[in-house]
Amino acid sequence: MSIIVNHVSYSYNPGTSMETKALKDINLVINDGEFIGLIGHTGSGKSTLVQHLNGLVKPTEGEIYYNGQDIFNSDLTRKELRSKVGLVFQYPEHQLFEADVFSDVCFGPKNLGLSSKETELRAYAALKAVGIEDEYFYQSPFDLSGGQKRRVAIAGVLAMEPEVLVLDEPTAGLDPKGRDEILEMLSDIQKEKNCTIVLVSHSMEDVADYADRIIVMNKGEVAYNDTPSEVFKHYKELEKIGLSAPEVTRALYQLRKEGFDVNTDIINVQEAVETIGKCFGI
Amino acid sequence: MGTLIFLVSLFITKNYIGYIPALIFLAAVVKISKVPFKFIVKGMKAIVFLLSLSVLCNLFLTPGEPLVSFWKLSISREGIKTAVFMAIRLTFLIIGSSIMTLTTTPNQLTDGLEKGLGFMKVIKVPVHEIAMMMSIALRFIPILTEETDKIMKAQMARGADFESGNIIKKIKSLIPLLVPLFISAFRRANDLAMAMEARGYRGGDGRTKMKPLKYHGNDAVAYIILLLYLAVIIALRVLIK
């Protein structure tokens with residue numbers, strides 16, 4: 001039960017003078033129940049890659065397998081795949097269109113051909129999961145605040161009850177509080193439903209606390225694919241490709257350089273505070 | 001403006017001889033513009049359908065002495081004549097206007113429009129504002145295309161189906177695409193208006209340009225050639241019946 005990306009390459013406008021290679025020979029395995037952070041600089045191909053995962057984009061070369069089935073060459077219909085792999089786009093609030101919140105969330109499950117009762121049950125559960133209260137259910141989605149709109153949009157995908165949830169920069173343009181709420185919510189959803197989450201971001205801080213594994217993309221290739229603390233060991237190389245390790249990691253490495261005996265694998269701010277405190281005898 | 005005159009000239013000509021100067025003129029313009037010939041041919045592909053449709057219509061529907069006839073259809077001598085005539089005219093039209101869009105940036109185009117229609121300011125037509133609106137509209141086309149693509153993908157990820165079903169179902173399936181698209185278009189328009197206001201935009205009066213249009217010797221020559229060409233076309237029309 002997993003997604004395997006096998007030697008996938010993708011070019012925009014192939015065969016013309018404007019051909020650009022967005023992905024070059026990507027090999028990845030995404031296991032069940034994992035929380036993966038997919039990180040890369042703008043234009044590194046991360047958004048293109050996630051659109052492959054549910055078959056919105058067909059790879060120029062290579063195959064993608066979902067639970068052992070090639071997603072473009074098997075009995076697996078596109079609709080089935082999209083109900084299993086839910087993709088939340090960047091700025092998902094721009095896709096809201098219904099007159100009220102509840103029917104917008106119903107759109108996804110209704111497209112799956114579920115009964116209206118099942119649809120409504122799922123929509124209700126999804127809205128509860130993202131923390132939208134009953135009083136907002138019959139308001140226009142356009143009257144909500146930015147953070148609420150985004151949560152409604154995420155609920156729209158959640159209501160399809162995907163086994164793999166892929167989110168493309170769900171925290172873009174949110175304030176720190178909204179950002180933390182979204183990340184916390186995702187982590188809760190994962191624990192509760194035991195689904196796989198792929199979180200795309202360009203900020204290490206976003207994913208450091210939650211991800212089991214971090215995949216770093218650079219210019220259409222996978223640069224690193226490891227646990228957060230292992231990836232952050234390459235903080236100097238990360239800076240070269242336009243990314244920065246979390247501030248905590250950088251601070252700890254700097255301390256070690258200055259001769260303090262600190263554990264540089266720490267990524268949690270709270271633990272780091274304690275460690276640094278110890279160094280200075282506080 | 002040159003293009004416009006060229007297009008008008010095509011409609012002035014009523015016979016084949018009139019196309020000879022048009023052909024020479026067009027060939028010269030293509031040569032000068034340095035647009036690769038392949039590019040122009042590619043542009044023609046898009047209108048092949050329209051072209052063949054008009055040819056067929058002319059071929060069969062022009063009354064005259066029938067040359068070949070089968071069933072209720074007949075091809076007359078006049079039909080062939082008009083069909084070929086129309087095909088040449090259409091081809092020239094398309095090549096002429098595509099040369100203009102290939103060589104002129106939207107900014108130059110609206111600048112030219114503003115200048116060309118400048119005389120209408122006298123009768124209180126807001127020429128600058130119209131030109132501004134045009135350039136904004138042109139600027140927004142690629143943005144909206146991109147936006148459409150994005151929203152389409154997002155709705156497909158939510159299981160929307162834009163391809164199958166009968167026509168009513170298809171139109172209904174466009175609602176989830178069009179509503180967000182309109183909203184984002186309005187939002188963008190609003191933002192743009194706000195940004196322009198914030199920078200003190202207040203219409204055309206007394207406004208200077210970053211790159212003002214200046215006439216060079218070349219432009220004068222171009223005008224003369226254009227006028228000569230027009231004269232030849234009109235002369236041909238009058239002289240040859």
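Further up the page is the structure itself.
Report follows, based on the coordinates. (Residues numbered from 1 in each chain as written. Chains lettered and ligands numbered in written order. Predicted model: local features only at pLDDT ≥ 70, side-chain atom pairs only at ≥ 80, totals over all residues.)

1. Digging into the overall build of chain B
Note the following rule: A helix here means a DSSP run of H or I that spans at least four residues, while a strand means a run of E at least two residues long, and both kinds are numbered starting from the N terminus. As a rule, residues whose C-beta atom has 12 or fewer other C-beta atoms within 10 Å are exposed, those with 20 or more are buried, and those in between are partly exposed; C-beta atoms are placed from the backbone. Residue pairs are scored as contacts if the distance between their C-beta atoms, which are placed from the backbone, is within 7 Å.
Scanning chain B from N- to C-terminus turns up ten helices and two strands. Its helices and strands in sequence order give chain B the pattern α-α-α-α-β-β-α-α-α-α-α-α, from N to C terminus. When the 241 residues of chain B are sorted by exposure, 11% land in the buried category. Sequence separation of 24 or more characterises 63% of the internal contacts of chain B that already satisfy a separation of 6 or more.

2. What to know about the interface of chain A and chain B
Interfaces are often described in size by the accessible area the parts lose on coming together. Selection criterion: When residue character is reported, Ala, Val, Leu, Ile, Met, Phe, Trp, Tyr, Cys and Pro are called nonpolar, Asp, Glu, Lys and Arg charged, and the others, Gly included, polar.
At the junction of the two partners, chain A supplies 20 residues and chain B supplies 16 residues. Only helix H2 (78-84), helix H3 (101-111) and helix H5 (146-158) of chain A provide two or more residues apiece to the side of chain A that touches chain B. Looking at the side of chain A that touches chain B residue by residue, the classes come out as ten nonpolar, eight polar and two charged.

3. Here's the deal with the sheet that holds strand S9 (residues 213-218) of chain A
Residue and element names in this part refer to chain A. For clarity, the cut-off: Two strands qualify as a pair provided DSSP detects at least 2 bridges between them. Axes here refer to lines fitted to C-alpha atoms; in helices the fit is confined to the stretch in contact. Angles between the N-to-C directions go from 0 to 180 degrees.
A sheet is described by the order of its strands in space; here six strands give the open sequence S6-S7-S8-S3-S9-S10, paired in mixed fashion. Strands at the two margins of the open sheet, each flanked by one partner only, are strand S6 (85-88) and strand S10 (221-226). Taking the axes of each pair of neighbouring strands and ignoring which way they run, one obtains an average angle of 15° across the sheet. Relative to strand S8 (residues 196-201), strand S7 (residues 164-168) runs parallel, the two being bridged by five bridges. Residue pairing across strands places leucine 167 opposite leucine 199, the latter belonging to S8.

4. A word on the pairing of S8(A)
Residue and element names in this part refer to chain A. Where we set the bar: Assignment of crossover handedness uses the view with strands pointing away from the viewer, where a clockwise path from the first strand over the helix to the second indicates a right-handed crossover.
Within S8, six of the six residues are buried, leaving the element largely enclosed by the surrounding structure. Here S8 shows two buried faces, one formed by Thr196, Val198 and Val200 and the other by Ile197, Leu199 and Ser201. As paired strands, strand S3 (residues 35-40) and S8 are joined by five bridges and run parallel to one another. From the neighbouring strand, isoleucine 39 faces S8, where its bridge partner is serine 201. With helix H6 (residues 176-193) bridging S7 and the parallel S8, this β-α-β connection has right-handed handedness.

5. Observations concerning the sheet that holds strand S5 (residues 69-70) of chain A
Residue and element names in this part refer to chain A. The sheet built from four strands is open, its strands ordered S2-S1-S4-S5 with antiparallel pairing. Each having just a single partner strand, strand S2 (20-30) and S5 make up the two edges of the open sheet. Two elements, strand S1 (residues 3-12) and S2, share seven bridges in a ladder whose sense is antiparallel. Looking at S2, one finds that isoleucine 3 is bridged to isoleucine 30.

6. Quick look at the pairing of S1(A)
Of the pairings in the sheet, the one linking S1(A) to strand S4 (residues 61-66) of chain A comprises five bridges and is antiparallel in character. Pairing of Val5(A) across the sheet is with Ile64(A), part of S4(A).

7. Observations regarding unusual backbone geometry
Of note, the phi angle at Asp25(A) is positive, near 50°, even though the residue is not glycine. For Asp25(A), the position within the fold is in strand S2.

8. Re the environment of Gln270(A)
Within the secondary structure, Gln270(A) is located in helix H11 (residues 269-279). With 22 residues separating them along the chain, Gln270(A) and Val248(A) place their C-alpha atoms 9.8 Å apart.

9. Considerations on the nonpolar core
All names here are of chain A. Just so we agree on the cut-off: Buried Ala, Val, Leu, Ile, Met, Phe, Trp, Tyr and Cys residues form a nonpolar core when they are connected through C-beta atoms within 7 Å.
With 78 residues, the main nonpolar core has Ile39, Leu87, Val105, Ala155, Val166, Val198 and Leu199 as its most contacted residues. For this core, the element with the most residues is H5, which contributes six residues. The contacts of valine 198, once residues within four sequence positions are left out, are Ile30, Ile36, Leu38, Val50, Val164 and Val166.

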